[in-house]
Amino acid sequence: MIILKLPEEVQHWALNTKRRGQRIAFVPTMGALHEGHLSLLREGRRLGDKLAMSIFVNPLQFGPAEDFEKYPRDEPGDLKKAQTCGVDVIFAPSAKDIYPGGFQTAVAVQQLSMPLCGAGRPGHFQGVATVVLKLFNIVQPDIALFGEKDYQQLKVIQKMVRDLNLPIQIKPMPIVREKDGLAMSSRNTHLSPEERKAALAIPTALQKAKGLATAGETDPKTILNAVVATLTESKKIAIDYVSLCDPETLEELKVLQRPALLAIACFVGKTRLIDNCLLK
Ligand code: AMP
């Protein structure tokens, strides 16, 4: 496994790899790796002749009042975990190598970036799309893997790839959960033991919604009310949004059509967590 810091070193590696006719699979991450990331790496290992991953906490996708400084970082741990998954190349650039002085270009996937997380985090998905396009141009993957945990991010990237004719296959990967149902997230390490317990209301609320939909409930309000009631049973939880929306356009649904995306974002203490499921 090699660790490269400079974009031009990775580009050089990518060009040589492709010249040999080998397929590059790529997993972009912000590090602090957990089983969710590792599931993407293992699948990437299976799909590509070479497996590349990036570790970059992208300042462009954090708002001024957000947790960029406090975002968990664990480079030594990440390197060990990456090695067990057969990663060939780790790209771990500095912010100034990605955004040198005078950087002024941005990629905006307009409508898909507006609802859900985009509403409370203006500029977030523009930061995501911009860095992912840069990473794609540096790593030159044939296939890139993204988790459905960040469902809106996945849709934004899929749209960018289609809209800009990027020759890259995007492979969505299912959400990996802890044994008790909490979706794995680097931010879970910020939760106190009490907050960790309270956070279980999120998967519980998703399950409740699935139960209602399976029982034939078609009124989004009834489902959303049940989700909100479950989440707000704990005083430690403050809801950012709960949305029942079209899984492709992310537009809010007035009647429950199938499949529908149920997406949740909430603060557990100071930690913002997101989760979602499809109601089929
Ligand atoms: P991050 O490091 O949080 O930017 O995540 C890097 C990639 O891992 C993204 O494609 C995420 O959607 C994916 N990911 C994060 N958590 C999970 C999870 N619990 N299950 C599946 N994929 C995940």
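Residues numbered from 1 in each chain as written. Predicted model: local features only at pLDDT ≥ 70, side-chain atom pairs only at ≥ 80, totals over all residues. Heavy atoms only, no water.

## Re the side chain of T130
Tracing the sequence through the fold places T130 in helix α6 (residues 124-139). From its side chain, T130 meets the backbone nitrogen of V107 in a polar contact 2.9 Å long. Excluding anything up to four places from it in sequence, T130 contacts L60, F103, T105, A106 and V107. (Helix = DSSP H or I, 4+ residues; strand = E, 2+ residues; numbered from the N terminus. Polar contact = N/O pair within 3.5 Å; in protein donor to acceptor, adjacent residues only side chain to side chain. Contact = heavy atoms within 4.5 Å.)

## Topic: the pairing of strand β6 (residues 169-173)
Strand direction decides the pairing type here: strand β5 (residues 143-147) and β6, joined by 5 bridges, are parallel. Across the sheet, residue A144 finds its bridge partner in β6, namely I170. Between β5 and its parallel partner β6, the chain crosses via helix α7 (residues 151-163), and the hand of that crossover is right-handed. (Pairing = 2+ DSSP bridges. Right-handed = clockwise from strand over helix to strand, strands pointing away.)

## Observations concerning the environment of V156
Structurally, V156 is set in helix α7. In this structure the C-alpha to C-alpha distance between V156 and L112, which are 44 residues apart in sequence, comes to 6.1 Å. Aside from chain neighbours lying at most four places away, what touches V156 is V109, L112, S113, F125 and A129.

## Notes on the sheet that holds strand β7 (residues 237-245)
Taking strand neighbours across the sheet as the criterion, the 3 strands line up as β7-β8-β9 in an open arrangement whose pairing is antiparallel. The open sheet has two edge strands, β7 and β9 (271-279), and neither has a second partner. In this sheet, adjacent strand axes meet at a mean angle of 15 degrees when their direction is disregarded. Relative to strand β8 (residues 260-268), β7 is paired through 8 bridges, and the arrangement is antiparallel. Its bridge partner lying in β8, I239 is registered against C266. (Axes fitted to C-alpha atoms, helices over the stretch in contact; angles between N-to-C directions.)

## Details of the pattern of salt bridges
The tally for this structure, following the rule as stated, stands at 12 salt bridges. Across the pair E66 and R121 runs a salt bridge, and its minimum N-O distance is 2.7 Å. In this pair, E66 sits in the loop between β3 (50-55) and α3 (75-84) while R121 sits in the loop between α5 (117-120) and α6, placing the two residues 55 residues apart along the sequence. Connected through shared salt-bridge partners, E43, R46 and K171 make up one network. (Salt bridge = Lys/Arg side-chain N within 4 Å of Asp/Glu carboxyl O.)

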